[in-house]
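Commentary on secondary and tertiary structure
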Amino acid sequence: MYIQLIKIRPDATVPTYAHDIDAGADLYAYEDVMIYPGERHAIRTGIAIDIPPGYAGLIHPRSGLAAGKGLTVLNAPGTVDPGFQGEIKVIIYNSDPYIPVEINKGDRIAQIVLQKFEHMTFDVIDEFTSNSERGSGGFGSTGS
């Protein structure tokens, strides 16, 4: 699927796939940022994309940054809605209690996955017409 992309900053890096069969395309930082322990920063990418109706861009953390440096996407997954045409920013959080992490312009900071979705129509009822085995159990109700 072709997605229109505008480089808001002429030298911004276009998202890339590491492998032809990957689900997520890497997003790149457009700025140098130092993220101190317990802090977050909305990092600019320098790009805007035009996501078609019926799709959303989901921004996921990169596993290497999470495992190696304790960085994650704070609102994972972040959502880029169809119709939003502004600059994509990625909210990165440093979960390491001691070590600040430097992000440099051109570093891979997250991945974006294009996902098809459908709108829900909510039908307010008094009780469900079907019973599930799980019922209302949640948050660890099936074991650790």
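All of these numbers come straight from a predicted model, not from anything done at the bench. (Residues numbered from 1 in each chain as written. Predicted model: local features only at pLDDT ≥ 70, side-chain atom pairs only at ≥ 80, totals over all residues. Heavy atoms only, no water.)

1. Concerning the overall build of the protein chain
Applicable threshold: Under the DSSP-based scheme used, a helix requires at least four consecutive residues in state H or I and a strand at least two consecutive residues in state E, with every element numbered from the N terminus. Note that the radius of gyration is over C-alpha atoms, with the globule rule given as 2.2 Å times the number of residues to the power 0.38. Each residue is assigned to one of three classes by its accessible area relative to the maximum for its type, calculated with a 1.4 Å probe on protein chains only: buried under 20%, partly exposed between the two thresholds, exposed over 50%. We call two residues in contact whenever any of their non-hydrogen atoms come within 4.5 Å of each other.
Scanning the protein chain from N- to C-terminus turns up one helix and 11 strands. Computed over the C-alpha atoms, the radius of gyration of the protein chain is 19 Å, more than 25% above the 15 Å expected from 2.2 N^0.38 for a compact globule of 144 residues. Based on the C-alpha atoms only, the size of the protein chain along its principal axes is roughly 55 × 40 × 30 Å. Looking at the protein chain as a whole, 28% of its 144 residues qualify as buried. Counted over contacts in the protein chain with a minimum sequence separation of 6, partners at least 24 positions apart contribute 71%.

2. Topic: the sheet that holds strand β9 (residues 89-94)
Quick note on the threshold: If DSSP finds at least two bridges between two strands, the strands pair. Axis angles are defined between N-to-C directions and span 0 to 180 degrees, where every axis is a line fitted to C-alpha atoms and, for a helix, only to the segment in contact.
Read across the open sheet, the three strands follow the order β4-β9-β7; overall the sheet is antiparallel. In the strand order of this sheet, the two ends are held by β4 (40-44) and β7 (71-73), each with one partner. Sheet twist, expressed as the mean angle between neighbouring strand axes with direction ignored, is 35°. Where β7 and β9 come together, three bridges link them in antiparallel fashion. Each bridged residue has a counterpart across the sheet, and for Leu71 the counterpart in β9 is Asn94.

3. With respect to the pattern of salt bridges
Convention followed: Salt-bridge detection follows one rule: a side-chain nitrogen of Lys or Arg within 4 Å of a carboxyl oxygen of Asp or Glu.
Under the counting rule described, the total for this entry stands at five salt bridges. Its salt-bridge partner being Lys105, residue Asp11 comes within 2.6 Å of it at the nearest N-O pair. Of the two residues, Asp11 is situated in the loop between β1 (4-7) and β2 (25-28) and Lys105 in the loop between β10 (101-103) and β11 (108-116); the sequence distance between them amounts to 94 residues. Relative accessible area serves as the criterion here: at 45%, Asp11 is assigned to the partly exposed category. As a salt-bridge pair, Arg62 and Asp26 come within 3.4 Å of each other at their nearest N and O atoms. Separated by 36 residues along the polypeptide, Arg62 in the loop between β6 (55-60) and α1 (63-69) and Asp26 in strand β2 bring together distant segments of the chain. In the salt-bridge network here, residues are joined through shared partners; they are Asp26, Arg62 and Arg108.

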